[in-house]
Each structure stands twice: as structure tokens, then as C-alpha cells.
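Report on the structure
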Amino acid sequence: MDFEPSAAAADYTNRMREFLEEKVLPAEPAYEAWRAERRGTPQEWDLPPVVEELKAQARSRGLWNLFLPSVSGLSNLDYAPVAEVSGWSPVIAPEAINCQAPDTGNMETLHLFATPRQKAQWLEPLLVGEIRSAFAMTEPDVASSDATNVRTTIRREGDEYVISGKKWWISGAADARCKIVIVMGKTDPDAPTHRQQSMVLVPRDTPGLEIKRHLPTFGYQDQHGHSELEFHDVRVPVENLLGEEGSGFAIAQARLGPGRIHHCMRLIGMAERAIDLMVRRARERVAFGRPLAGQGVVREQIAQSRIEIEQARLLVLKTAWLIDNAGARRAATEIAAIKAVCPRMACDVIDRAIQIHGGAGMSDDVPLAYFYVWARALRLADGPDEVHLRTVARQELGRH
Ligand SMILES: Cc1cc2nc3c(=O)[nH]c(=O)nc-3n(C[C@H](O)[C@H](O)[C@H](O)COP(=O)(O)OP(=O)(O)OC[C@H]3O[C@@H](n4cnc5c(N)ncnc54)[C@H](O)[C@@H]3O)c2cc1C
């Protein structure tokens, strides 16, 4: 395995780093101030104008859709350091370069499974950053870490599918630019367990699709939202089926693999920014007659953080290499492993950075509190830690 960046990867990473430093990090205060003014109002989920400006600038720099190998020409290993840099500003930078969840996973799904007509209608505007999208699998009434539990029904009636059920934690659905929701439900409850589910494309403005509320994460409302949806006999034409009936489970598996590795790459970037802030603070802040960095216990926390970041990055690079060389299916155990490792690693590093900042770490003067919330959410989103550990254990036990 060779993790030396290719010429293309080094070039894109340098350009991404320049874009981050010159444009994205300086835009963070304007983004925050714009949203703070609208907190608690119906405009809370509107997009701060600075993001569209950043999107235009990123595109003119060639930093666009880099996550999709068939469009960008970058391998997963090439993309890893670029995504890592975007993790330094996880709210703004991924969207600025059109590499944000859940759209990336949805674009990948459409790229793999959509018909030419579905691609023209939904994939094209997503690839140019005109619209946004959501992916609706999780349900409030069943343990959704086991996707076979999904209860939403997709019933065929003539030339239409009729969808009924509840979903929640549907990221992106609060944003008015979200025009399409990929919905997973059951078309045939009598089929074998993994052939009961299908996916359909539901335009967000379809009658009967009700947005009940937008859920906070530890009190934070993300701009694009995480929403609870109800489908009251929502009707879409049969042409809106993705793939074939009964392929929903397989599509979900294909979708989540690359999405998980992208989250992990960005988590490493978040952890890098946290250790950067930790070190700056430890060198500047003086307590008991010397900078915090002079205290052995603080040095240990810094060292521990550096070691954990390097370990996680190596595992992510190995996984990216495996996907490139053997395919996502052969890398399933490694993908599960990094999804269990990276959010916990980031939580631990960010937590130490908060501690070293003292009270400031809990404030919004530094981005650490929000970083912690997002890293913590990723111990659940795209599957909780335990489900990924189960995959790794199954593989390990199977060896003996
Ligand atoms: C911020 C955020 C964004 C999200 N975005 C989306 C989205 O866009 N679309 C979407 O469909 N979903 C989304 N989710 C939902 C997320 O994928 C689910 O919350 C997750 O899959 C767990 O499902 P659940 O909440 O039903 O938990 P449950 O399935 O009820 O599990 C609860 C807990 O049980 C334990 N557990 C479960 N299985 C096992 C096991 N096999 N062994 C041991 N312990 C186990 C784990 O501790 C787990 O956390 C999001 C969640 C969050 C927090």
C-alpha cells in the first residue's frame, strides 16, 4: 500500500487548503452572524448568502464534485486529503465544493441506479449545486439501525406508488432548496427479509408529504435541518422507482459505504482543527506560573490526541486504498471499522481541546462545542457504533 499523494491529489489538496484559508475560514463569522439574526424565526433554515458566493468561487477554482470518482477522476485515496481539509470548516466548506452530505450519497445513488430520465431531472441539478436532496430511511417507531425494520409502505396502485408512514432525522429536508427525497419503504412484506424494501423518488412538494418539525442536535439547529416527515398516502408515478422493486436494501448498502468514508475523512479534519486550537491555547494561556503547554498533564493530552488522529487517518487511507483496489464490498469490514473509530476519536480530541480552553471551550468564540455535537451525532448517523463493531466482530469470529 502506497499512501504517497498522487500529483492530482497533492494539487487539489493544496488548492483546497488555499481556498479554506483565503475564503472559507474568513466567511465563518458572517455565516454565523446571519444565522444568529434569524434564530427562532421561520428563516432559521434559509441559506446565508455567503455560501452561494463561496460555491461560485470554489467552482471557478475547479473545486467541485470531487467526491465522485467518475466525474472528478480522483480515486478515494486522492479525495481523502481534500475531504479532510473541508472538515476544518464542516458546515460551510463541504457545501461550498458541492461535496456535502446527504447530497453526495444521494448523487452517488442516482449515479448508480437512476434511469436516464431520473438522472436528467434530479442528478443534473444536484451536480451543478442548484438543488439539494434528502434520504429518508430512519423511522421514529422502529429501531432503524436494523433497516429491515422499516415500516413505511410503498403500495402499487395502477401507474402510481402510494407511500404511507413516518420518518425522522431526515437531514436536509428543512432547506427550501431540497427538492427531492429518496424514500425507503416496503413494497412486499411477504418477500425474503432483504427483498421487501424499495426506494422511490418523492419530490418534496408532493401533496401528502408533511414536515412535522425540525429536530435539534443538543440544541443546535443545522441550516439544512434534520426533520420529521409524515407520508399520508403520497402518490408518485411508478417511473419514480429507483432500481427495481425489492432492491431497496441493496441500494441502501451501496449508498452508505462511500458516504461513511467521506464522513470519516472530514472528522479527521475536524480533529486536526481541534488539536490546532488546543496547541495554540496551551502555548498562550498561563496558569500557575507557566503556559499550560508546560504542564505534563496537558502535554499528555496533546500527545494522545496526535497519536489518535494519526492512527485513525492511517486506517481511513487504508480503507480508501482498499475501495479503490478491491471495491467497496471487499472493504466492508474496514469501512465499518473506520466508522466506529473516527467519530469516537474526534469526540475525544475535541473534548480535550474544550477542556484546555476552559470556559471558552463551551462558548461559541471557538467552534469546538458545535464540532463536539457533530462528531457525537456521527456516532449514530449512518449507523451507530455498535452496528459497525458487530460487522468487525463477525468478520473476526468468522476467521476462526
Ligand atoms: C444528526 C443525525 C442525522 C441523521 N440523518 C439521517 C438521514 O438523513 N436519513 C436517515 O434515514 N437517518 C438519519 N439519521 C438517523 C440515524 O441513521 C439513526 O439514528 C441510526 O441509524 C440509529 O437508528 P435509531 O435512532 O432508530 O436507533 P435504534 O436502532 O433504536 O438503536 C438504538 C441504540 O441501540 C444500540 N444498538 C442497535 N443495534 C445494536 C446491535 N446490533 N448491537 C448492540 N447495540 C445495538 C445502539 O447503541 C443504538 O444507538 C440521522 C441521525 C442523526 C443523529
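Structure's up top.
Each chain carries its own residue numbering, running from 1 in the direction its sequence is written. Two thresholds apply to this predicted model, a pLDDT of at least 70 for residue-level local features and 80 or more for giving and counting side-chain atom pairs, whereas whole-chain, interface and lining totals are computed over all residues. Note: side-chain values were computed over all heavy atoms of the structure, leaving out hydrogens and water.

1. Regarding the nonpolar core
In this structure, Phe-19 and Ile-350 are the most contacted members of the largest nonpolar core, which totals 94 residues. Per element, the largest residue contribution to this core is 16 residues, and it comes from helix α8 (residues 248-284). In what follows, a contact means two residues having at least one pair of non-hydrogen atoms within 4.5 Å. The contacts of Ile-350, once residues within four sequence positions are left out, are Met-270, Ala-274, Leu-368, Phe-371, Tyr-372 and Ala-375. For our purposes a nonpolar core is just a set of buried Ala, Val, Leu, Ile, Met, Phe, Trp, Tyr and Cys residues, chained together by side-chain atoms within 4.5 Å. Think of it in three bands: with a 1.4 Å probe and only protein chains considered, a residue is buried below 20% of the maximum accessible area for its type, exposed above 50%, and partly exposed in between. If you look at the next biggest cluster of nonpolar residues, it comprises 19 residues, including Ile-154, Ile-170, Leu-229 and Val-234. The way it works is that DSSP assigns letters per residue, a run of H or I at least four long becomes a helix, a run of E at least two long becomes a strand, and they are numbered from the N terminus.

2. Side note on the packing of aromatic side chains
When the centres of two rings from Phe, Tyr and Trp lie within 6.5 Å, Trp using its six-membered ring, the rings pair. Their planes under 30 degrees apart give stacked, over 60 give edge-to-face, and anything left gives tilted. The tally for this structure, following the rule as stated, stands at two aromatic pairs. When the centroid spacing of 5.2 Å and the interplanar angle of 75° are considered together, the rings of Tyr-220 and Tyr-370 count as edge-to-face. Taken together, the residues Tyr-220 in the loop between β6 (209-214) and β7 (226-237) and Tyr-370 in helix α11 (residues 368-377) connect sequence positions 150 residues apart. Any Lys NZ or Arg CZ found within 6 Å of a ring centre and within 35 degrees of that ring's normal is scored as a charge over the ring. Above the plane of the ring of Trp-88 lies Arg-17, whose end atom (NZ or CZ) is 4.8 Å from the centre.

3. Quick word on the packing of helix α9 (residues 296-326) against helix α10 (residues 332-357)
Closest axis-to-axis distance for the α9/α10 pair is 9 Å, and the angle between their directions is 155°. Relative to α10, the element α9 lies roughly antiparallel. Here α9 runs over α10; the crossing is left-handed. Each axis is a line fitted through C-alpha atoms, taken for helices only over the stretch in contact, and angles between the N-to-C directions span 0 to 180 degrees. By definition in this entry, angles of less than 35 degrees are roughly parallel, angles greater than 145 are roughly antiparallel, angles of 65 to 115 are roughly perpendicular, and the rest are oblique. For a crossing to be left-handed, the near helix must be turned anticlockwise from the far one by less than a right angle; the clockwise case is right-handed.

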